[in-house]
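These are the residues of each chain, in order.
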Amino acid sequence: MKKIVVIGGGFAGFWGAAGAIRRAIELGKENEVEVTVVSRDSFLNIRPRFYESDLSKVRIPFERILKPIGVKSVEGNVEGIDLDNKTVNISSSSDTFKLTYDKLVLAAGSSLQIPNIPGLKEHAFSVDTFQEASKLHQHLDNLVSKRSSEGCYTAVVVGAGFTGLEVATEMASMLKHVAEKNGDDPSAVRILLVDHSDIAPEFSEESRAVIKEALSDMGIESFTKVSVKSISDNGVVLSNGEKLPALTTIWTAGVKASPLTSLFPVERDNFGRLPVDEFLRVIGTDDVYAAGDCVRVLTDETNVAMMSCQHAQPQGRFVGYNLVSDLFEKDTLPYKQPSYVTCLDLGDWGALLTEGWDRKVLTKGQDAKEVKINVNTKFLAPPLDDKEEILKEAEPRYIATLDDHLPYRFREDTK
Ligand SMILES: Cc1cc2nc3c(=O)[nH]c(=O)nc-3n(C[C@H](O)[C@H](O)[C@H](O)COP(=O)(O)OP(=O)(O)OC[C@H]3O[C@@H](n4cnc5c(N)ncnc54)[C@H](O)[C@@H]3O)c2cc1C
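About the criteria used
- Residues numbered from 1 in each chain as written.
- Predicted model: local features only at pLDDT ≥ 70, side-chain atom pairs only at ≥ 80, totals over all residues.
- Heavy atoms only, no water.
- Domains from an automatic or database assignment.
- Buried area = accessible area lost by both parts, 1.4 Å probe.
- Salt bridge = Lys/Arg side-chain N within 4 Å of Asp/Glu carboxyl O.
- Polar contact = N/O pair within 3.5 Å; in protein donor to acceptor, adjacent residues only side chain to side chain.
- Nonpolar A, V, L, I, M, F, W, Y, C, P; charged D, E, K, R; others polar.
- Helix = DSSP H or I, 4+ residues; strand = E, 2+ residues; numbered from the N terminus.
- Buried < 20%, exposed > 50% of the residue type's maximum accessible area, 1.4 Å probe, protein only.
- Pairing = 2+ DSSP bridges.
- Axes fitted to C-alpha atoms, helices over the stretch in contact; angles between N-to-C directions.
- Near = heavy atom within 4 Å.
- Areas by Shrake-Rupley, 256 points an atom, 1.4 Å probe, with all protein chains shown as cover.

Q: Residues and numbers for the domain arrangement of the protein chain, please.
A: For the protein chain, the assigned domains are domain 1 (2–111 + 255–338) and domain 2 (115–251). Between domain 1 and domain 2, the C-alpha centre-to-centre distance is 33 Å. Counting the surface lost from both domain 1 and domain 2, the interface buries some 1000 Å², and carbon and sulfur atoms represent 61% of this. When the buried surface of domain 1 facing domain 2 is broken down by residue, Phe50, Tyr51 and Leu55 rank first, second and third, together holding 57% of it. Across the contact surface, domain 1 and domain 2 share one salt bridge. Residue Arg47 pairs with Asp128 through a salt bridge whose shortest N-O separation is 2.7 Å. Inspection of the region where domain 1 meets domain 2 yields three residue pairs in polar contact (both at pLDDT 80 or more). Here the side of domain 1 that touches domain 2 is built from residues that sort into six nonpolar, three polar and four charged.

Right, dumping it as structure tokens:
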């Protein structure tokens, strides 16, 4: 029996496991491989939905997606990898143990960076994990006891990139609901967006103009080219000395790949991502593949994959395909993903759908919002309880073709 261990049960890890099972079946080797996913919990966490006001549908139990395809899951934290002896060291709440592998997939994702700013760790919220997002919701529910405090209905969102924009625009309506529920005037709500650079620095000028229009229409105030000096439970002090009274501060600035990437004797990029070859095998290793936020890889001749689900999902499928092909000396497939779209939620204002690496605006407002709802509720979640459907979607080339047509399918959906 060949053992495949997948570290991480996110988008890359889940699809890596499913891709491996699919390829094993294709080669008539399903009884010769055992696939185990090791992850910190027993859910596929849909991280891109953690900014939403309803957290009830943002995680999928492994029971419904791994079990139907015969993948084992182990709950625990991977503490180390012994590349020479091909073992993974795991600690769980009750135990420490090892798993051996023939092929390993590193799909441990990324996490929000918390720089050493006074008060940040103690007082800021985030939407990086389900637990953090739930803590923020709990805090909003508790604001009723602080109704008379200055800044009760003010939220400072730090970071005006993709996540910060989605959080800020969603917070506008979330805080209004909280104020209404507490019997207060929703017009008291203030959302302040802070960034040491500009609004949406990674977007094109054309798309940035749409984002600024949305922020202005929603009354969201921007503080750019200024950084955060300190955070307390009643507000933020900026580097220019300005004080922003706010009971809610949400940090969204900067993610870094899993520290497990440091275990490999190879130079990582600024985000801590590992270099891989075109088949997504970690450079300098024979038996370790990696996918998702942990890897730096080109999607075509020039563009580097983003730390995004859009890239993590197909990369996982390619990894599953390639490592099983590799185990049985069959042809591998080079990873390619030329098309690129982004759909940015802008709260009640709508959304922004862009196409291509130059982020050309395809549609905006409520039309784009329909697309975003489809992305979040349909495209991110794998089929549930259905082996055939899951494995159908685990084919890397099928997804590549689907991906090529996504913008057009979106247009259909918005009609
Ligand atoms: C608020 C927010 C909004 C986003 N919006 C979008 C969007 O609109 N579109 C988009 O494409 N992307 C978006 N992203 C990015 C996207 O969520 C990530 O790129 C994607 O989740 C990466 O998938 P992954 O499988 O590589 O890693 P992850 O989803 O981070 O999964 C990693 C898994 O590994 C596990 N793990 C980590 N370390 C260990 C360890 N030591 N031991 C055991 N298990 C471990 C974790 O528990 C987790 O299950 C967003 C992210 C956030 C936070």
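Q: Before we move on, could you go through the pattern of salt bridges and cite the residues and values that matter?
A: A side chain of one charge can pair with a side chain of the opposite charge if their charged atoms are brought near each other. Per the stated rule, a full pass over the model turns up 27 salt bridges. Asp345 serves as the salt-bridge partner of Lys369, at 2.6 Å between the closest nitrogen and oxygen. A residue pair is termed long-range when its members are at least 10 positions apart, and Lys369 in helix H7 (residues 365–379) and Asp345 in strand S22 (residues 341–345) qualify at 24 residues. What emerges from the salt-bridge pattern is a single network uniting Lys86, Lys103, Asp277, Arg281, Asp287 and Asp326.

Q: Explain the pairing of S22 to me, and be specific about the residues and the numbers.
A: Two faces make up the sheet, and in a regular strand the side chains alternate between them. The buried fraction of S22 amounts to five of the five residues, a majority that puts the element mostly inside the structure. Of the two faces of S22, the one holding Val341, Cys343 and Asp345 and the one holding Thr342 and Leu344 are both buried throughout. The pairing of S22 with strand S23 (residues 351–355) spans five bridges and is classified as antiparallel. Bridged to Val341 within S23 is Glu355. What sits between S22 and S23 in their antiparallel hairpin is a turn of five residues, with Gly347 showing a positive phi close to 60°.

Q: Can you explain the sheet that holds strand S12 (residues 190–195)? Please cite residues and give values.
A: Strand pairing within a sheet occurs via backbone hydrogen bonds; the two strands may be parallel or antiparallel. If you trace the four strands from one edge of the open sheet to the other, you get S13-S12-S11-S17, paired in parallel fashion. Pairing within the sheet leaves two strands with one partner each, and these edge strands are strand S13 (221–224) and strand S17 (248–251). Strand after strand, the sheet turns through a mean of 20° between neighbouring axes, direction not considered. In this structure, strand S11 (residues 154–158) lies alongside S17, joined through four bridges in parallel fashion.

Q: So what about the site of the ligand? Which residues, and what values?
A: Taken together, 30 residues lie near the ligand, and Ala12, Arg47, Val78, Asp293 and Cys309 sit nearest. Contacts to the ligand include Met307, whose backbone N or O atom sits 3.2 Å from an oxygen atom. When the ligand is considered free in solution it has 1000 Å² of accessible area, and contact with the protein chains removes 89% of it. For the shell around the ligand, the secondary-structure elements that each account for two or more residues are helix H1 (11–26), strand S2 (33–39), strand S6 (77–82), helix H4 (162–181) and helix H6 (309–327). No other element matches H6, which puts three residues into the shell around the ligand. Across the shell around the ligand, the residue classes tally to 13 nonpolar, 12 polar and five charged. Mapped onto the domain boundaries, the shell around the ligand takes at least three residues apiece from domain 1 (2–111 + 255–338) and domain 2 (115–251).

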